[in-house]
Amino acid sequence: MTKKIVGNWSFPTSVRFGPGRISELPDACKATGMKKPLLITDEGLKDLPMVRDAIAANEAAGIPTGLFAGVKGNPTGKNVDDGLAVYRAGNHDGVIAFGGGSGLDAAKAVALMAGQTRPMWDFEDIGDWWTRADPDGIAPIIAVPTTSGTGSEVGRASVITKEDTHEKKIIFHPKMLPAIVISDPELTVGLPAHVTAATGVDAFVHCFEAYCAPGYHPMAEGVALEGMRLIAEALPRAYDNGSDIEARADMLAAASMGATAFQKGLGGVHALAHPVGAIFDTHHGLTNAILLPYVMQANRRAIEEKCKVVCRLLDLASPGFDTLFEWVMAFRSRLGVVNTLAEIGVDVDRADEVAVKAKGDPSDGGNPIELSVADYTAIFRRACVGDLG
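Residues numbered from 1 in each chain as written. Predicted model: local features only at pLDDT ≥ 70, side-chain atom pairs only at ≥ 80, totals over all residues. Heavy atoms only, no water.

**Examining the overall build of the protein chain**
For clarity, the cut-off: Counting from the N terminus, the helices are the DSSP runs of H or I reaching at least four residues and the strands are the DSSP runs of E reaching at least two. A radius of gyration in this sense is built from C-alpha atoms; the matching globule rule multiplies 2.2 Å by the number of residues raised to 0.38. Summary of the burial criterion: residues with accessible area below 20% of their type's maximum are buried, those above 50% are exposed, and those between are partly exposed, where the area comes from a 1.4 Å probe applied to protein chains only. Note on contacts: a residue pair qualifies if any of its non-hydrogen atoms lie within 4.5 Å across the two residues. Just so you know, the count uses Lys and Arg for positive and Asp and Glu for negative, and it drops His and the chain ends. For charged residues, the charge sits on one atom: NZ in Lys, CZ in Arg, CG in Asp, CD in Glu.
Secondary structure assignment for the protein chain yields 13 helices and nine strands. Relative to a compact globule of 389 residues, whose C-alpha radius of gyration would be 21 Å, the protein chain shows 20 Å and is just as compact. Per-residue burial for the protein chain yields a buried fraction of 59% across its 389 residues. A fraction of 76% describes how many contacts in the protein chain between residues 6 or more apart in sequence connect residues 24 or more apart. Charge separation in the protein chain, taken as the distance between the mean sites of 36 positive and 48 negative side-chain charges, equals 3 Å.

**Points about the packing of helix α10 (residues 300-313) against helix α11 (residues 321-334)**
Note the following rule: Orientation is described by lines fitted to C-alpha atoms, with helices fitted over the stretch in contact, and by angles between N-to-C directions that extend from 0 to 180 degrees. What sets the label is the angle itself: under 35 degrees gives roughly parallel, over 145 gives roughly antiparallel, 65 to 115 gives roughly perpendicular, and the rest give oblique. In this classification, Asp, Glu, Lys and Arg are treated as charged, Ala, Val, Leu, Ile, Met, Phe, Trp, Tyr, Cys and Pro as nonpolar, and every other residue, Gly included, as polar.
Contact geometry for α10 and α11: axes closest at 8 Å, N-to-C directions at 75°. Taken together, the axes of α10 and α11 lie roughly perpendicular to each other. Facing α10, whose interface residues are Arg300, Ile303, Glu304, Cys307, Val310 and Cys311, α11 presents Phe321, Asp322, Thr323 and Leu324. Of the residues belonging to the contact of α10 with α11, the class tally is six nonpolar, one polar and three charged.

**Observations concerning the pattern of salt bridges**
Pairing between side chains of opposite charge can happen when the charged atoms of each approach one another. Where we set the bar: Salt bridges are identified by distance alone: a Lys or Arg side-chain nitrogen within 4 Å of an Asp or Glu carboxyl oxygen.
Per the counting criterion, the structure on display carries 20 salt bridges. Two residues, glutamate 304 and arginine 300, come together in a salt bridge whose shortest N-O distance is 3.0 Å. With a gap of four residues between them, glutamate 304 and arginine 300 both fall in helix α10, about one helical turn apart. On the accessibility criterion, arginine 300 (31% relative accessible area) is partly exposed. Two residues, aspartate 364 and lysine 359, come together in a salt bridge whose shortest N-O distance is 3.3 Å.

**Section: the domain arrangement of the protein chain**
Rules: Residue ranges for the domains trace back to a domain assignment, done automatically or taken from a database. Buried area is understood as the total, over both parts, of accessible area removed when two parts are fitted together, assessed with a 1.4 Å probe.
Once the domains are mapped, the protein chain shows domain 1 (14-188) and domain 2 (193-385). For domain 1 and domain 2, the distance between their C-alpha centroids amounts to 25 Å. Counting residues at the interface gives 24 residues for domain 1, matched by 26 residues for domain 2. The junction of domain 1 with domain 2 conceals about 2,000 Å² of combined surface from both sides, 60% of it contributed by carbon and sulfur atoms.

**Observations regarding the environment of asparagine 91**
Assignment of secondary structure puts asparagine 91 in the loop between α3 (77-89) and β5 (95-99). For asparagine 91, a relative accessible area of 61% corresponds to the exposed category. Taking C-alpha positions, asparagine 91 is 8.9 Å from proline 37, a pair spaced 54 residues apart along the chain.

**Here we look at the packing of helix α8 (residues 268-280) against helix α12 (residues 351-360)**
Put simply, the test is: Crossing handedness is read from the near helix: turned anticlockwise from the far helix by less than a right angle, it gives a left-handed crossing, and turned clockwise, a right-handed one.
Where α8 contacts α12, the two axes come as close as 8 Å, and the packing angle between them is 130°. Classified by the angle between their axes, α8 and α12 sit oblique to one another. By crossing handedness, the relation of α8 to α12 is classed as right-handed. Residues Ala271, Leu272, Pro275, Val276, Ile279 and Phe280 of α8 pack against Glu353, Val354, Lys357 and Ala358 of α12. Looking at the contact of α8 with α12 residue by residue, the classes come out as eight nonpolar, no polar and two charged.

**What about the UniProt feature "domain: Alcohol dehydrogenase iron-type/glycerol dehydrogenase GldA" (unreviewed entry) in the protein chain?**
Here is the rule: UniProt positions are given in the numbering used here, feature names are shortened, and annotations may be inferred rather than shown by experiment.
In the numbering used here, UniProt assigns the "domain: Alcohol dehydrogenase iron-type/glycerol dehydrogenase GldA" (unreviewed entry) feature to residues 12-185. Taken end to end, residues 12-185 has its terminal C-alpha atoms 19 Å apart, with 26% of it in helix and 21% in strand.

**Focus: the nonpolar core**
Test applied: Each nonpolar core is a collection of buried residues, namely Ala, Val, Leu, Ile, Met, Phe, Trp, Tyr and Cys, held together in the definition by side-chain atoms within 4.5 Å.
Counting 67 residues, the largest nonpolar core has Phe208, Ile231, Leu272, Leu324 and Phe380 as the members making the most contacts within it. No other element matches helix α5 (residues 193-212), which puts ten residues into this core. Val95, Val110, Leu112 and Ile171 belong to the second-largest nonpolar core, a separate cluster that totals 37 residues.

**A word on the pairing of strand β7 (residues 157-162)**
Worth spelling out the cut-off: Any two strands are treated as partners once DSSP identifies two or more bridges connecting them.
In this sheet, strand β8 (residues 167-172) lies alongside β7 in antiparallel orientation, the contact comprising six bridges. Within β8, the position partnered with lysine 162 by the bridge is glutamate 167. Hairpin remark: β7 followed by β8, antiparallel, with four residues in the connecting loop; positive phi at histidine 166, about 55°.

**Considerations on the pairing of β5**
This is how it is decided: Call a crossover right-handed when, viewed with both strands pointing away from you, the route from the first strand across the helix to the second goes clockwise.
By the criterion of burial, β5 is predominantly enclosed, with five of the five residues buried. Relative to β5, strand β3 (residues 38-40) is paired through three bridges, and the arrangement is parallel. Of the residues in β5, the one forming a bridge with isoleucine 40 is alanine 97. Inspection of the sheet shows β5 paired to strand β6 (residues 141-145) by five bridges, in the parallel sense. Bridging across to β6, isoleucine 96 finds its partner in isoleucine 142. Each parallel crossover has a hand, and for β5 linked through helix α4 (residues 101-113) to β6 it is right-handed.

**Some details on unusual backbone geometry**
In this structure, asparagine 91 takes a positive phi of about 50° despite not being glycine. Unusually for a residue other than glycine, aspartate 281 sits at a positive phi of about 55°. Tracing the sequence through the fold places aspartate 281 in the loop between α8 and α9 (284-298).

**Focus on the environment of lysine 175**
Considering the arrangement of structural elements, one finds lysine 175 in the loop between β8 and β9 (180-183). Residue classification places lysine 175 among the partly exposed residues on the basis of a relative accessible area of 40%.

This is how it looks when you write it as structure tokens:
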């Protein structure tokens, strides 16, 4: 029997979930008061039917919609500035964030900056810096994810590369949380298998790191565990058959779950992946997928008990770190994930630079044990050459 994969959720925002629900975009615009929105997406999506159809549907409903697609795979400050210029020149009144993590992050940052006078970097996720923003100057956001990875559609932040320093900065404000999310798994059907794998393992890493992060947050941990269970079951199916709409739906939900769970924290995988992506312009999800086992090894003594729970969740024999580690290695291999950073163009000679930036990354604070710059250097070097001990 085919299970029902349609629902309306309010966790942590209003989510319209299910196949075909992109047809509700005009209604969502009206519900948020948008009369002339700007659809922001990445360079790879701008010419696809899903974008053209979305804009055409809005036009037919009397909602003229602009398009900005100048967003790189790792969005930069310039991408945001360029989008902001288009937003202001067109007198737009809201943002439709459409695409994968890069398009969503850039779009949310444009919405934040729509009515601000301070530079975007003044709103980095440090202390109470978000209070510097004028909340009335933040444009409403509708998010439409087209990949199942970052979960940015349910997040209150954007990861933007500061080009002059080669750093990924987390820009945060509570009102960056989209007012409405349209999660339509049909929009993910055309994802290539390798992108399905990379983004899907990214979602798994979000759940795993959130679950292992220190601190007391049972709600986040519960969401993280179910996210891992869904991904373990659905990702291989979506990888093998991109048209498996139930698998696509489970992955889309799991990606949002990962981003919901990581309010508890992330860890060393992301602390390293952010500078690697900023310096070498690597795909974020794939970078996380490669780094996961190397960071797991570094955290072993602190995550043994957590690994036992995850093993039981995944119905693995002999619950423990070694069993889960072997499963992770086999899972990555099943999905065609390469084993070293060198295979995606990362240079081991920049280990010291990467390690210093990793130690300064906000995700470092959520790691189960404190990692030093020397620890990050060693993990990075092992990940470059494939040294898994």
